Amino acid sequence: MTYDVVVCGAGVGGLLCAHALGARGLRVLLLEKLSAPVPLAKGEVLQPSSLPILRELGLLPRLVERGAVELSRLVVRGADGASLLAFDYSGLEGSDRTLLALDYAEILDVFGEALPETVTCRRGATVTELLRDPAGRRVTGVGFTAQGDHESAIAPLVVAADGVSSRLRKLAGIAAQPVRYGHRLVSFELSGVESPAPEVTAYMTPGGLRLFYPLPGDRGRLYVQMAPESLRRMNRAEPAEWCAAVCTDTAPLAPLRERLRNCVGTRQVHTVWRFSASRLTVPGMALVGESAHSVHPMAAQGMNTAIADARTLADQFTSGPLAPDAVDDALVRYEAQRGAWIRHIDLMSHDATRMVTSTSRAGRAFGRHVLRRMGGNPRLRHIATHNLAGYGMRPFTVLDRLHQVGLPDLRSAPV
């Protein structure tokens, strides 16, 4: 079988790549090892920078029709509910100044249903090898198994969108060193919950992060940070009682005690990784999404970075047929445009995560101090909001870092 593009992996990054490249008239084969999507509590918040991309592809109206919830800000609060730092998206430049929250399964459904006719999707297909030219210099396709048969697909461009443990990344010899955070996140789906505010709320507590945001149908998603030993105690204890007690250190979440007890069956335990691949391309192949990078969910950047990866890669092509040399030139441009941004997202997300997830007394005190200083500094707050929204790279300077810990900032009057 011969195609213009083979995309491996039907998560957000893979589906968006297949859609955007197929919309350019390219013949795309989309391979996914799972026969059906697995419901996961992940990737449910779309940042403002993702909305124009989805609108251009005709996907945004479909998400709105599915009931996507519009949110206006991301707020870090203390365990008592008091605001430490509010990222208010309404003050951003441009017309897209909101977040959207929708179930990950719904997002995948929308993306999958809207694939152009130029895209052939095959589920239950496991990629087993990368095919190369006689010199072994460039990737020319993939070998895969489907229903017990081994098949090959030839294409001048292969896209690896096969997740954190990416087999294609390893087969291509691209280095990555995933680092696992020392805690886990346990997610719950709560029903019959009216959100008090249109926001993503991150609570800093003695036990670590508690993250909550609304979902369609008066539902909400709650993530609870847990140490591995606490999870072992949960498995030995009565799960319903354990769930009812996980938010006793967070006053605004106390009213959810009974709902947590009743939703024990919805809990999922997530291992949280951080890494950026050493490179995004080899001749004939590009990495997108979690095959290229992974960040902590606290700052809601993972899915949105994957969307931007897909858009940037597709923008390097116009129509087919694709010549190998032209593809490799396009991959050089893709690497140049995305590499620095991915490293920026990695550092930004990790810095935010360290402040909010620390469980030591000194770590929490330092995190609260920095967040309050930023919350009282309109200039720094605007830079951070711009970065979180995905509208560009405005890294904090050394002087900005000093302002965060206490040096007066003459360029920004405190509020």
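Residues numbered from 1 in each chain as written. Predicted model: local features only at pLDDT ≥ 70, side-chain atom pairs only at ≥ 80, totals over all residues. Heavy atoms only, no water.

The protein carries the name FAD-dependent monooxygenase in an unreviewed UniProt entry, which gives Streptomyces paludis as its organism.

Asks: It is not clear to me how the pattern of salt bridges should be interpreted in this structure. Could you clarify?
Replies: Summed over the entire model, instances satisfying the criterion amount to 26 salt bridges. Residue K42 is joined to E290 by a salt bridge in which the shortest nitrogen-to-oxygen separation is 3.2 Å. Separated by 248 residues along the polypeptide, K42 in the loop between strand 2 (28-32) and strand 3 (45-46) and E290 in the loop between strand 19 (285-287) and strand 20 (293-294) bring together distant segments of the chain. K42 sits in the partly exposed class, given a relative accessible area of 26%. The exposure class of E290 is partly exposed, given its relative accessible area of 31%. A salt bridge links E56 to R311; the shortest N-O distance between them is 3.2 Å. (Salt bridge = Lys/Arg side-chain N within 4 Å of Asp/Glu carboxyl O. Helix = DSSP H or I, 4+ residues; strand = E, 2+ residues; numbered from the N terminus. Buried < 20%, exposed > 50% of the residue type's maximum accessible area, 1.4 Å probe, protein only.)

Asks: Sorry if this is basic, but what is going on with the nonpolar core here?
Replies: In globular proteins that are soluble, nonpolar side chains generally tend to be buried together. By size, the foremost hydrophobic cluster in this structure holds 74 residues, and its most contacted members are F111, V142 and M285. With seven residues, helix 1 (residues 12-22) is the single largest residue contributor to this core. (Core = buried A, V, L, I, M, F, W, Y, C linked by side-chain atoms within 4.5 Å.)

Asks: Explanation requested: the packing of aromatic side chains in the structure shown.
Replies: We describe a pair of aromatic rings using the distance from one ring centre to the other and the angle between the two ring planes. Following the criterion strictly, the structure yields one aromatic pair and no others. Pairing Y213 with Y223 gives two aromatic rings, centres 6.3 Å apart and planes at 40 degrees, and the pair type is tilted. In this pair, Y213 is assigned in strand 15 (residues 208-215) and Y223 in strand 16 (residues 219-226), connecting sequence segments ten residues apart. For Y213, a relative accessible area of 4% gives the class buried. Relative accessible area serves as the criterion here: at 5%, Y223 is assigned to the buried category. (Phe/Tyr/Trp six-rings, centres within 6.5 Å; stacked < 30°, edge-to-face > 60°.)

Asks: For this particular structure, what's the right way to read the environment of Y334?
Replies: Looking at the secondary structure, you find Y334 in helix 10 (residues 324-357). Look at Y334 and you get buried, because its relative accessible area is 0%. Between the alpha carbons of Y334 and V179 there is a distance of 25 Å; along the sequence they are 155 residues apart. When sequence neighbours within four positions are dropped, the list of residues in contact with Y334 reads L280, T281, A286, L287, V288, D309, T312, L313 and Q316. (Contact = heavy atoms within 4.5 Å.)

Asks: Just to check I follow, could you spell out the sheet that holds strand 4 (residues 69-71) for this structure?
Replies: Strand order in the open sheet formed by three strands is 3-7-4, with antiparallel pairing between adjacent strands. Each edge of the open sheet is held by one strand with a lone partner, namely strand 3 and strand 4. Sheet analysis places strand 4 next to strand 7 (residues 99-101), joined by three bridges and oriented antiparallel. From the neighbouring strand, E70 faces strand 7, where its bridge partner is L100. (Pairing = 2+ DSSP bridges.)

Asks: Which parts of the structure should I look at to understand the side chain of H270?
Replies: For H270, the location among the structural elements is in strand 17 (residues 268-276). Judged by relative accessible area, which is 17%, H270 ranks as buried. Within the structure, the side chain of H270 is placed 2.9 Å from the side chain of S187, a separation counted as a polar contact. (Polar contact = N/O pair within 3.5 Å; in protein donor to acceptor, adjacent residues only side chain to side chain.)

Asks: Whenever I open this one, the sheet that holds strand 10 (residues 139-146) confuses me. Can you help?
Replies: The strands making up a sheet associate through backbone hydrogen bonding, with each pair oriented either parallel or antiparallel. Ordered in space as 9-10-11, the three strands form an open sheet in which the pairing is antiparallel. Every other strand in the sheet has two partners, leaving strand 9 (125-132) and strand 11 (149-154) as the edge strands with one partner each. The average undirected angle you get between the axes of adjacent strands in this sheet is 25 degrees. Strand direction decides the pairing type here: strand 10 and strand 11, joined by six bridges, are antiparallel. Across the sheet, the residue bridging to G143 is S152, located in strand 11. (Axes fitted to C-alpha atoms, helices over the stretch in contact; angles between N-to-C directions.)

Asks: I keep staring at the side chain of Q404 and nothing clicks. Help me out?
Replies: With respect to the helices and strands, Q404 occurs in helix 13 (residues 398-405). Residue class for Q404 comes out buried when judged on its relative accessible area of 6%. In this structure Q404 touches H369, V370, R373, M374, L380 and F396, once residues within four positions along its chain are discounted.

Asks: Help me understand a nonpolar patch on the surface, please; the structure alone is not making it clear to me.
Replies: On the surface, F366, V398, L399, L402, V405 and L407 cluster together into a nonpolar patch covering about 530 Å² of accessible area. Ranked by residues supplied to the nonpolar patch, first place goes to helix 13 with four residues. Considering the arrangement of structural elements, one finds V405 in helix 13. The exposure class assigned to V405 is partly exposed, which follows from its relative accessible area of 39%. (Patch = residues over 30% accessible without salt bridge, like charges linked within 9 Å, V, L, I, M, F, W, Y side chains within 5 Å. Areas by Shrake-Rupley, 256 points an atom, 1.4 Å probe, with all protein chains shown as cover.)

Asks: What should I look at first to understand the packing of helix 1 against helix 9 (residues 302-314) in this one?
Replies: Where helix 1 meets helix 9, the axes come as close as 8 Å, and the angle between the chain directions of the two elements is 25 degrees. Comparing their axes, helix 9 and helix 1 come out roughly parallel. The way helix 1 lies across helix 9 gives a crossing that is right-handed. Along its contact with helix 1, which presents V12, G13, L16, C17, A20 and L21, the element helix 9 presents M303, A306, I307, A310, L313 and A314. Class assignment of the residues belonging to the contact of helix 1 with helix 9 gives a composition of eleven nonpolar, one polar and no charged. (Parallel < 35°, antiparallel > 145°, perpendicular 65-115°, else oblique. Left-handed = near helix turned anticlockwise from the far one by under 90°. Nonpolar A, V, L, I, M, F, W, Y, C, P; charged D, E, K, R; others polar.)

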